[in-house]
Amino acid sequence: MPELPEVEVTRLSFADRIAGAQIQAVRMGKPLRWPLGLAPEALVQRRIRAVRRRGKYLLLDMDEGLLLLHLGMSGSLTFARELPPAGVHDHFEMQTTRGTLRLNDPRRFGAVVYASSEQDPVAVKLLGKLGVEPLGDAFDLRLFQQGLKARSGPIKQVLLAGEVVVGVGNIYASEALFLAGIRPTTKASRISGPRVARLHAAVRDVLARAVAKGGSTLRDFSNAHGESGYFQLEAMVYGREGGPCHVCATTIKAIRQGQRSTFFCPVCQKP
Ligand SMILES: [Zn+2]
């Protein structure tokens, strides 16, 4: 599943190139998770102003309205002057004066949704509950502390829920909790101030490094599909069940939390 760094790198891969382009044609394939919300032809002749990101949504601002694009479980975007003919998993394609933007999504949990503005109910429904951006200035330590204090669930699941801070998915939550020395099952409200500060720094660090790593391989990434789009960060715990901890050599454990795998070092990460 594409996580925040992958979505941010996807944005970086085409935002500058598509800005200012005029839409010439839109083609839809099989239904995605949610309907587009207007006739595809209605987008023709609109101009794309900018591509922003909010959580794991890409926001394509147009001179009138915006498109909210989500990669779902298996989606990937390509933007190029010339593309091979659309394949069976290409379910959205937008031809512009600068090139064609194509969404490939074999599992079709992704979506492209039109909203007249960010105040449009459809946009509010998708974006309204999202927490602050972890890579922006709004990700303030005090707010993070308050958010965790108010939540009694296990810290890993509080991070994944995206209401305190948005876009920290399964891989990066596991890694950040390792860096901060916090057991994933610890109740969010019971984590002490200094440990919350360490976690705050770790979340930023692990996401920023992933974006940087992805940015350095941008050329490959723009052609990547699904899982291959992951940036191979040197994982400390994620996916390393049974292996030795890189810090203390204790065997890394795996548990299930809310149907997701969680990996941790029982010695380095305290409850
Ligand atoms: Zn360890």
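See the structure above.
The model shown is predicted, which means the values in this text are computed figures rather than measured ones. (Residues numbered from 1 in each chain as written. Predicted model: local features only at pLDDT ≥ 70, side-chain atom pairs only at ≥ 80, totals over all residues. Heavy atoms only, no water.)

**Student:** Tell me about the coordination of the zinc ion, and name the residues and values.
**Tutor:** In this structure, C245 (SG), C248 (SG), C265 (SG) and C268 (SG) serve as the protein donors to the zinc ion, at separations of 2.2 to 2.4 Å. Every donor counted, the four donor atoms about the zinc ion form angles of 100 to 113 degrees at the centre, which fits tetrahedral coordination. Here the donor residues for the zinc ion map to a single chain with the spacing C-x2-C-x16-C-x2-C. Residue C245 is found in the loop between α7 (218-221) and β9 (253-257), and its partner C265 is found in the segment after β10 (260-264); the two are separated by 20 residues along the sequence. Residue classification places C245 among the buried positions, given a relative accessible area of 5%. (Donors = N, O, S within 2.8 Å, 3.2 Å for Na, K, Ca; no water. Tetrahedral: all angles 85-135°; square planar, octahedral: opposite > 155°, others 65-115°. Helix = DSSP H or I, 4+ residues; strand = E, 2+ residues; numbered from the N terminus. Buried < 20%, exposed > 50% of the residue type's maximum accessible area, 1.4 Å probe, protein only.)

**Student:** Quick rundown of the sheet that holds strand β3 (residues 57-62)? Include the residues and the values.
**Tutor:** Spatial ordering of the open sheet is given by β2-β3-β4-β8, a layout of four strands whose pairing is antiparallel. The sheet terminates laterally at β2 (48-54) and β8 (111-115), the two strands that pair on one side only. The average undirected angle you get between the axes of adjacent strands in this sheet is 20 degrees. Relative to β8, strand β4 (residues 66-70) runs antiparallel, the two sharing five bridges. Among the inter-strand pairings, L66 is bridged to a residue of β8, identified as A115. (Pairing = 2+ DSSP bridges. Axes fitted to C-alpha atoms, helices over the stretch in contact; angles between N-to-C directions.)

**Student:** So what about the pairing of β10? Which residues, and what values?
**Tutor:** Two elements, β9 and β10, share five bridges in a ladder whose sense is antiparallel. Pairing of A254 across the sheet is with F263, part of β10. Adjacent in sequence and paired antiparallel, β9 and β10 are bridged by two residues, among which G258 carries a positive phi angle near 55 degrees.

**Student:** Any chance you could break down the environment of R190 for me, citing the residues and the numbers?
**Tutor:** Mapped onto the fold, R190 is located in the loop between α5 (170-180) and α6 (193-216). Separated by 42 residues in the primary sequence, R190 and L148 place their C-alpha atoms 8.3 Å from one another.

**Student:** Please give an account of unusual backbone geometry that cites residues and values.
**Tutor:** Comment: phi is negative for the bulk of residues other than glycine, and the bulk of peptide bonds are trans. Of note, A249 is a non-glycine position whose phi angle comes to about 75 degrees, a positive value. Within the secondary structure layout, A249 lies in the loop between α7 and β9. For A249, a relative accessible area of 54% puts it in the exposed group. A positive phi angle, close to 70 degrees, is found at Q259, a residue other than glycine. Within the fold, Q259 resides in the loop between β9 and β10. The exposure class of Q259 is exposed, given its relative accessible area of 70%.

**Student:** Account for the side chain of T100, naming residues and giving values.
**Tutor:** Mapped onto the elements of the fold, T100 is located in strand β7 (residues 99-104). Residue classification places T100 among the buried positions, given a relative accessible area of 12%. What T100 contacts, discounting residues up to four positions off in sequence, is T78, F79, A80, L83, E93, M94 and Q95. (Contact = heavy atoms within 4.5 Å.)

**Student:** So what about the sheet that holds strand β1 (residues 23-28)? Which residues, and what values?
**Tutor:** Ordered by their spatial adjacency, four strands build an open sheet running β1-β6-β7-β5, and the pairing between neighbours is antiparallel. Lying at the two open borders of the sheet, with one neighbouring strand each, are β1 and β5 (76-80). Each neighbouring strand pair of the sheet contributes to a mean axis angle of 10 degrees, computed without reference to strand direction.

**Student:** Could you give an account of the pattern of salt bridges, naming the residues involved and the relevant values?
**Tutor:** Following the criterion strictly, the structure yields 11 salt bridges and no others. A salt bridge links R102 to D90, with the shortest nitrogen-to-oxygen separation between them at 3.5 Å. Residue R102 is found in strand β7, and its partner D90 is found in strand β6 (residues 90-96); the two are separated by 12 residues along the sequence. Residue classification places R102 among the buried residues on the basis of a relative accessible area of 9%. Taking relative accessible area as the criterion, D90 reaches 7% and is therefore assigned buried. A salt bridge links E163 to K129; the shortest N-O distance between them is 3.4 Å. Here the residue E163 occupies a position in the loop between α4 (155-161) and α5, and K129 occupies one in the loop between α2 (121-127) and α3 (141-149), the gap between them amounting to 34 residues. Residue classification places E163 among the partly exposed positions, given a relative accessible area of 37%. Through salt bridges with shared partners, one network takes in E8, R11, R53, R54 and E133. (Salt bridge = Lys/Arg side-chain N within 4 Å of Asp/Glu carboxyl O.)

**Student:** Outline α3, listing residues and values.
**Tutor:** Residues of α3 that are buried: F144, G147 and L148. Down the axis of α3, the smallest arc covering the buried residues is 95 degrees, so these residues share one side. Along α3, the residues that are exposed and aim more than 90 degrees away from the buried face are R142 and K149. (Arc of directions from axis to C-beta.)

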